[in-house]
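What follows is the residue order along each chain.
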Amino acid sequence: MGTNGSTMLEPLRQGLPPLDPAAVSNAASCALPARYEAVREARAFTRRMLDQWEIGDRFDDVCLVVSELVTNSLRHGLPAGTLCTADQSPPVRLHLMRWTERLVCAVRDPSQASPVAREGADDFAAESGRGLFLVDSFADSWGWHPMAGTLGGKVVWALFRLQHTPRSGE
């Protein structure tokens, strides 16, 4: 799980913010099935990784954003009727990458359609379209990019700045 990030990042590289993939200190990814329970799985995976990387203090913000990105991918990034069908190869993948002072969450899905933050997203009665408004509020920046080559689809990412706090004794 906690593999070296540069090879895993290669197909994602052009879609991510301009951070040097060679400087990734930690990277992990998890494949998510086309079911809404995948959001819970994504949160549990995020909790494990952030604790392991000793940045669990950012969990609430990161978890909210991961939940929204995964929900959007399941709701809008899969072909109609895919959700709740038999588990073929999981179509959605969550990537977490940590640099010294940055954390990037990226979610890949098979759709090339651009994510759209709906107008009136501040109308909290409107359930749909609020996700990207929340992502924009809690992450330091976010964006998306179509995937190149045979993978197809797109990646939507959110970036968090991390405070570098020396461990006790440093």
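Everything quoted here is computed from the prediction, not taken from an experiment.

### Observations regarding the nonpolar core
Formed by 34 residues in total, the largest nonpolar core has its most connected members in Leu32, Val66, Val70, Leu94, Leu96, Leu103 and Phe160. Secondary-structure elements contributing two or more residues to this core are strand E1 (26–32), helix H2 (37–52), helix H3 (59–76), strand E2 (92–98), strand E3 (102–109), helix H4 (131–138) and strand E5 (154–161). Aside from chain neighbours lying at most four places away, what touches Leu103 is Leu50, Trp53, Ile55, Val62, Met97, Arg98, Ala158, Leu159, Phe160 and Leu162. Counting residues in hydrophobic clusters, the runner-up holds eleven residues, among them Met97, Val104, Val155 and Leu159.

### Overview of the side chain of Lys154
Mapped onto the elements of the fold, Lys154 is located in strand E5. Relative accessible area serves as the criterion here: at 5%, Lys154 is assigned to the buried category. Separated by 3.3 Å, the side chain of Lys154 and the backbone oxygen of Ala113 make a polar contact. Look past the residues within four positions of Lys154 in its chain and what remains in contact with it is Gly77, Val107, Arg108, Asp109, Ser111, Ala113, Pro115, Trp144, His145, Pro146 and Met147.

### Points about the sheet that holds E3
Pairing within the open sheet is antiparallel, and its five strands lie in the order E1-E2-E3-E5-E4. Lying at the two open borders of the sheet, with one neighbouring strand each, are E1 and strand E4 (141–146). Going across the sheet, the axis of each strand differs from the next one's by a mean of 15°, ignoring polarity. Pairing geometry for E1 and E2, over seven bridges, is antiparallel.

### Concerning unusual backbone geometry
One non-glycine residue, Glu54, lies in the positive phi region at around 60°. Relative to the assigned elements, Glu54 resides in the loop between H2 and H3. Look at Glu54 and you get exposed, because its relative accessible area is 52%.

Calculation rules
- Residues numbered from 1 in each chain as written.
- Predicted model: local features only at pLDDT ≥ 70, side-chain atom pairs only at ≥ 80, totals over all residues.
- Heavy atoms only, no water.
- Core = buried A, V, L, I, M, F, W, Y, C linked by side-chain atoms within 4.5 Å.
- Buried < 20%, exposed > 50% of the residue type's maximum accessible area, 1.4 Å probe, protein only.
- Helix = DSSP H or I, 4+ residues; strand = E, 2+ residues; numbered from the N terminus.
- Contact = heavy atoms within 4.5 Å.
- Polar contact = N/O pair within 3.5 Å; in protein donor to acceptor, adjacent residues only side chain to side chain.
- Pairing = 2+ DSSP bridges.
- Axes fitted to C-alpha atoms, helices over the stretch in contact; angles between N-to-C directions.

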